[in-house]
Amino acid sequence: MKKNECISWEWKVPRLQKVFRIMKLTVFLLLFSVISVFASKSYSQTKVLNLDMKNSTVKEVLRNIEKQSEFVFMYSEKLIDVNREVSVNVKNKKISEVLDELFAGTDVSYKVKNRFVLLTTPEVTGSDLLAQQQKSVSGKVTDSGGQPLPGVTVVVKGTTQGTVTNADGEYSLTNIPEEATLVFSFVGMRTQEVVVGSQTSINMTMEEEFIGIDEVVAIGYGTQKKVNLTGAVNSLNSVDIEKRQVGQSSMLLQGVSPGVTVTQESGKPGGDGGTIRIRGIGTLNDANPLILVDGVPMDLNNIDPSLIESISILKDAASASIYGARAANGVILVTTKRASGKEFSFKYNGYTGIKEPTNLKQRVNAVDHMSMLNLSYENIGRTPVYSEELINNYESLHKEDPLLYPDTDWYKKVYTENGFTQNHSLSFEGGNEKIKVLGTLGYYDQEAIYKHSGFERYSFRLNSDMKINPKLAFKADVFFQFMETKDPARSPVGNVNVLASHEPTFYNINGELKHAAPSVGGNPLADLEQGGYKKIQSPSLLLNLGLIYNFNEDLRLEFNYSPHLWENYTKEFEKVVEVFRPDGSKVVRNSVAELTEISDRFVNHNTWGTLNYEKAFGLHNLRLLLGASQEAYSSRWFSGFRDNFDLPQYDVLNAGDLGKQQSNGSGYEWALRSFFGRINYDFKDKYLFEANIRYDGSSRFASGNKYGVFPSFSAGWRISEESFWEPYRNVVDYLKFRLSWGQLGNQNIGYYPYDAFLQSATVIFNSSAIKGLSVADMANPDISWETTEMLNSGLDMNIYKFNVSFDYYYKKTNGILLQLDVPAYLGVTPPYQNAGVVENKGWDFSLGYNDKKDDFFYGINLSLSDVKNKILDLKGANVGGLMVNFEGYPINSFYGYEAIGYFQNDDDIENSPKQSGNIIPGSIKYKDQDDNKVIDGDDRRIIGNRIPRYTYGLNLNLGWKNFDFSMLLQGVGKRNGYLLEKGIWPFSNGSTALEMHKDYWTADNPNASFPSLSFNDSNNYQNSTFWLKDASYVRLKNIQLGYTLPQHFLDKINVDRLRFFITGENLLTFDNFWEGFDVESPVGEGTHYPQQKSYSFGINLSF
Amino acid sequence: MKNIYYNKVLIFLLILLFTSCEEYLEKYPIDNPSVSVFLTTERELELAVNGAYAALWLNFKEDLPFTQHLDLASDIGWNRSWGDFQELGNGKVEPTNPVNQLLWENLYIGVQRCNYAIKGKETLEKITDQDKVDRLVAEARVLRSYFYSHLVELFGDVPFYTSNLTLEESEIGRTSKIEIVDFILKELEEASGVIPLDYSSTKDIGRVTKGMTLALKSRVALYNENWDTAIDAAERVMELGYSLDDDYSQLYRKEYQQGSTEIIFKLDYLDGPIKGHDLPRWCSPRMHSGYSAYIPVQPMIDSYLCVDGLDISQSPLYDPQNPYENRDPRLHYSTIVPGALYRGIQYETHRDSVMCWDYNTNPPSRVANIDATNPYASFSGYSWRKYAHFVNSRELDNSETGVILMRYAEVLLNYAEAKIEANQIDESVYEALNLIRNRVDMPDVEQGSSVAELRSILRKERKVELAFEGLRLYDIRRWGIAEEVLNGPLYGRIPRGLLSAAPTFDENGTPDYSNVPNKDEMRIIEMRTFDASKNYLFPVPQFEIDINDLIEQNPNY
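Residues numbered from 1 in each chain as written. Chains lettered and ligands numbered in written order. Predicted model: local features only at pLDDT ≥ 70, side-chain atom pairs only at ≥ 80, totals over all residues. Heavy atoms only, no water.

## A word on the domain arrangement of chain B
Residues and elements named next belong to chain B.
Working step 1: Here chain B is described as being made up of domain 1 (2–208 + 536–547), domain 2 (225–272 + 398–463) and domain 3 (279–393).
Working step 2: Look at where the C-alpha atoms of domain 1 and domain 3 centre, and you get two points 40 Å apart.
Working step 3: At the interface, 13 residues of domain 1 touch 16 residues of domain 3.
Working step 4: For the pair domain 1 and domain 3, the summed buried surface comes to about 1,200 Å²; carbon and sulfur atoms form 65% of the total.
Working step 5: Area buried by domain 1 at its contact with domain 3 is led by Ile76, Trp78 and Arg80, which between them contribute 49% of it.
Working step 6: Summed over the shared surface of domain 1 and domain 3, the number is zero salt bridges.
Working step 7: Where the side of domain 1 that touches domain 3 is concerned, the elements lending two or more residues are α3 (66–70) and β1 (77–79).
Working step 8: By residue number, the principal contributor to the side of domain 1 that touches domain 3 is β1, which donates three residues.
Working step 9: Considered class by class, the residues forming the side of domain 1 that touches domain 3 number four nonpolar, five polar and four charged. (Domains from an automatic or database assignment. Contact = heavy atoms within 4.5 Å. Buried area = accessible area lost by both parts, 1.4 Å probe. Salt bridge = Lys/Arg side-chain N within 4 Å of Asp/Glu carboxyl O. Helix = DSSP H or I, 4+ residues; strand = E, 2+ residues; numbered from the N terminus. Nonpolar A, V, L, I, M, F, W, Y, C, P; charged D, E, K, R; others polar.)

## Quick look at the confidence of the model for chain B
All names here are of chain B.
Working step 1: When the pLDDT values of chain B are averaged, the result is 92; 95% of them are 70 or greater.
Working step 2: Here helix α1 (residues 2–18) is the element of chain B with the lowest mean pLDDT, 59, and helix α8 (residues 210–223) is the one with the highest, 98.
Working step 3: Scored by ipTM, the complex comes to 0.90, with pTM at 0.78. (pLDDT = per-residue confidence, 0-100.)

## Examining the sheet that holds strand β10 (residues 170–174) of chain A
All names here are of chain A.
Working step 1: Spatially, the three strands line up as an open sheet ordered β10-β7-β13, and their pairing is mixed. Since the sheet does not close on itself, it has two edges, and those belong to β10 and β13 (204–205), each with one partner.
Working step 2: Both strand β7 (residues 136–142) and β13 contribute to a ladder of two bridges, which runs parallel. Its bridge partner being in β13, Val141 is matched across the sheet by Met204. (Pairing = 2+ DSSP bridges.)

## Points about the interface of chain B and chain A
Working step 1: Chain B puts 96 residues into the contact, and the matching count from chain A is 93 residues.
Working step 2: With both chains or domains summed, chain B and chain A bury close to 8,300 Å², and 60% of this area falls on carbon and sulfur atoms.
Working step 3: Across the chain B-chain A interface, the total number found is four salt bridges.
Working step 4: Note that Lys27 of chain B is salt-bridged to Glu669 of chain A, the shortest N-O span being 4.0 Å.
Working step 5: Run the count over chain B and chain A and you get 37 residue pairs in polar contact (both at pLDDT 80 or more).
Working step 6: Broken down by element, the residue count for the side of chain B that touches chain A peaks at eight residues, all from α1 of chain B. (Polar contact = N/O pair within 3.5 Å; in protein donor to acceptor, adjacent residues only side chain to side chain.)

See the structure below:
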């Protein structure tokens, strides 16, 4: 045995393929990551190993060492007999001691550099090889930081002649022609070429590939190298996540991943999460994706963004089908951060900021309100509401007594707060080889833009890993979270959006300001101050207990049990609201205080186990997964009610009156049991195959229909690994073609849809409540799973420095559970039937470019996707209001008349097809689609739709020295929005008019933006293109500027990293939507809590 | 050794996890049974029949039975707060009107529940009390007739089924109104032999009685001009011992409804587990925190006769300067007119009456009068007093006042009308009318009146006696006068004055204001149109037409 601490080492490999066989790709990967990540000192000095192996091969021993440590071995099987049988028994030995023992009596020598161990024999010393040289080129390969890079492949282009660099990054090639081109390649680095010419010494600096080609992404029940993926998976890492200041994690996904559409319909603290749709809408039922946090189903918004290490989005059937019955809408896998096992470290991330509405509508002032309302009455022959006298004198009256004759800007009165937001996340990690722990404590607090309202979240997560011995490891995670949403019992949002400017705020009653009684609706200021509160508290406790057992190096068992207990506890204390008339008389809303408490408790037991088998047979790599899981979910709720709280400061049930007390309670349950398996096979990392199958049983279907089988197949071909690709590698150094097909299911259609159940229907006989039961729906025991079939083809490549990925998919959902419209005269809600067929056709595209030059780095990432949704079959059901589901059209299409301008005069009305309603000059005129001279139901058409198309995001990252800058633009290319009633119709249901309504039709203003004012007119408010708007937009979703303090400064104060940043969310939006409303407003009255823009300042600190 | 131990634990865990029995996936609702196991016992039959009753309470709006509302789509009232509803009264109703659809759906929910209960007698496994089973089934048959009777009156020919339809057989056409009416009359006749006169158990008081069954029969027969049947059914009710209560004004107060000998069928409300109704909120004047949204209109006010039995255009007792004096007391029992006292406050809607008297203080005080100044105070200047009654403000939204669906006065009027129309005028006709008039101190009907005169008297009497009880719309339709009374402006009071003279009245008691000098000052609440070629029936909801080729729309919709 020869020990050689520092050898000059080189070895020549006759055929390139052998290089790959000898040094598995993983070795390269790990080599690179190890070297770049741990540029530290003495792993080999500190790391201790335990081995107890009898009659094993050397190869198995080395693998075992690789498994229990970060060491990786490089050796040639030709030179070193790794199939030699040995027995090793060492305890707490360093690597050098182990290797000494292992290779005692052989001529194998080793060199340990960081975590990289080279094994070699004396034959292959450089001198031996060099002795034969006639004409040679040599040189040194370094990384961009000047560090030598061992293991870089250097070949003569177009031949198989080549070598790899030694531990010092040096190489030498002999017998090469002058016109030869050398190709330097290394996994994780960009391939480079140099023409030899007359040079005899060529040094090369390799540059990192910014696409982490070595990146590993989470897939169902495991991980996969990104390069070897055969399905359509997008991922987000903690770097992407840390950049965003969002309260709800669902908003992290907006604009960053092609094929994933997130829509934010409210800005309410705690309610400002987005609706996530992956690749269109595949069902008319629940179209939410399945979200798993470390394998546990959960609402994405229930996890603090700062806990998240990565998010994987499984978009196609092949990658999602391992989750079978619930995967039809896509699957999102969230992985939380775990300890790396390094020395103790401590991190703080925090920011604080303020928010304001992105848009607010502008209503007319008091005088305009009154005169416009009068006009809208007069126009249809009604007597006006306000006297001319009052209107004429109002301004001077207002000056004299602004309380009695108000002109109120309700937003200013009510939206008085700045939406103060703060987020703090404190984490510590530490451990050793045996036990690793990461604890994170998070606090998020978001106040509303009005008083007494906000959202708070406290979270604590402790992720720990324990390695008992090389075979057995445990994982124990504890996740506790407490969320509280607080709002006034009577939210001011509805009223503040509709109240007219002439409505009073306060009256001066005997020198005291008292809340005034408006003529319609409530006074939001009084509701806010006096009305009591509504609190929703959600404590949640989750344990994630895992066991990993390695039977041997090939076979691994994992077992997980995650009990999750959480509650939504609602407490609503509605207090007496007293408002006053000018004379001092009181109007009481709610004569007595009422308290309702609802406890809704959920328990979910989630258990799964998997067996993993992984083995390489020569060039064939095989991975097998077998698993089973079951999940039982139950909800129990009860509520209590009392009223008449004489002492309203005591807000518990016992303080109320017994008289009208009530209690209610019930619950529901469902369960899933599943078996699943996966085969991964690849040949030389070049031809990739995967097959999944899941067999799912659900309690939601009747016996006989409970089980469903969901298979999928996928394949990938890394064309760039082929030898014929060699000539193109300098342009396209990574090219993979993917194809997948699979089936998925959806079971989210109520808990017991297969049967009809009696429902309580109470009657009052003789002043007492008597129980009755009734049937409210029809049963259909034959219903079963919805199945989604999806075909996906994709292409991933690196071309120059661009990472390009393109996917085309076709997704068809069959047997959509529909409540097919049945005649209303049946007196029951229709049963679910497996009737609908919907298709989604679309493509996802992403393009990334990242580079750095000296102190400057820049990156740009574009994602763009489109999906075309179409209902293929609804069994002929075509019924519609504003939003309809019609065969041949997208889900939830808008349906109505086509507005073609206004009636300009009485003759015009006379000579046009007959319309119903109060038709006056200036009324909206509709197109007579069927030309029968009458505008009726048959003239309605599909006029638009709600499903976003051409969704895109553009992410720009720039850095210069210690400054960093990032910007995310996000948008939708095509979408329609629709507002109605109080939102946009003047004087609808007691609301007021907006400034823009002043541009109404008159004979002198024939091309006005709005029809002539006519109160409550049914004609103008028919569903029509008039109220439909383009809801496409571009939004500056996030912009951030950061500064990291220089390392030399930080070293002095013992800090690893300190960064300050300022950031803004939603700062700018470009759209053609209704003025005063956010473009993402839901279809409706626009009376929701407005979407917000925010400005924040934050700190990242670690030491 | 150790490895073996681990292996055992693992295998044990796996076995524990995945071998539990198949019941793991068997989940059922935890509060109510499945239809597949239901309706085998008498108790279950009773629960199903109770469920059918519950359909009477189904929300039309604000926890009210729809009947209460329909008068607001007639010539006597208006609903300010609900545009879709207004279309039922102003002729703009379209097949897509959601209120129209709601009416249809809720009535059919009632039909379905009755059918379910009736069918239940076939699935009973053991019967211990045959009489009770028969009675329960008969109750459901009466309720089904009730629901169908509204359907045919509102929509004409309608889909008709007496046994619930499966999905496969669900598409049916419309059955003629005549056929359905025949069925109803036959059903009610049969049920009247089974259903008791009253109930001994206090928990059953509120179920349909023999009186209700026959009163409904008289109504349905009358509506369909089957005079003899109407007379016969009404006569049989008149033999059951019902009588008019002494005080008309108290009929709409819960305390007095309990002991009523007049109320034949009503819906009770309970503040508590089930909400009370909120008629007081919608009807009461603004000064009482009401919304003044359900209101009587000027023609209703003017339709009340003077105490001498003459209409206001003829009576010497009518003084245009004091128009509410010397009038049929029911004017004040049913409505609140300007100057009247309501809950201790003087009701005044003259626009200039910015202050009014509050007599709840001692001495009385002048308070700001929002019934004059609030732009959404009563558009007509009048309010309903019927059903608006409340004592404490909680009752505004939680009134327990029963809503009357059938009372003896209607039976008397049905009887009189059928006799008049059948030209069988005799003393009993006068007696029936006089009973009703005398109760409120109105004079007797003049003996020896002609059929036409009596018809006119009867129609005026029905208009005021049954105002805001949900029968007016049916009356103006069947009398064929809807096209007269639902066309043109709907009038409220003159905001700053009184009518300078009384309007004239036709034989149906409908006022005509063309002779009133200051008629142009009257507030126009809305403009109504009534197309006689279609509006006598509501349209069949578009929904039904769209999905079922067998259903045709009513003419001209």
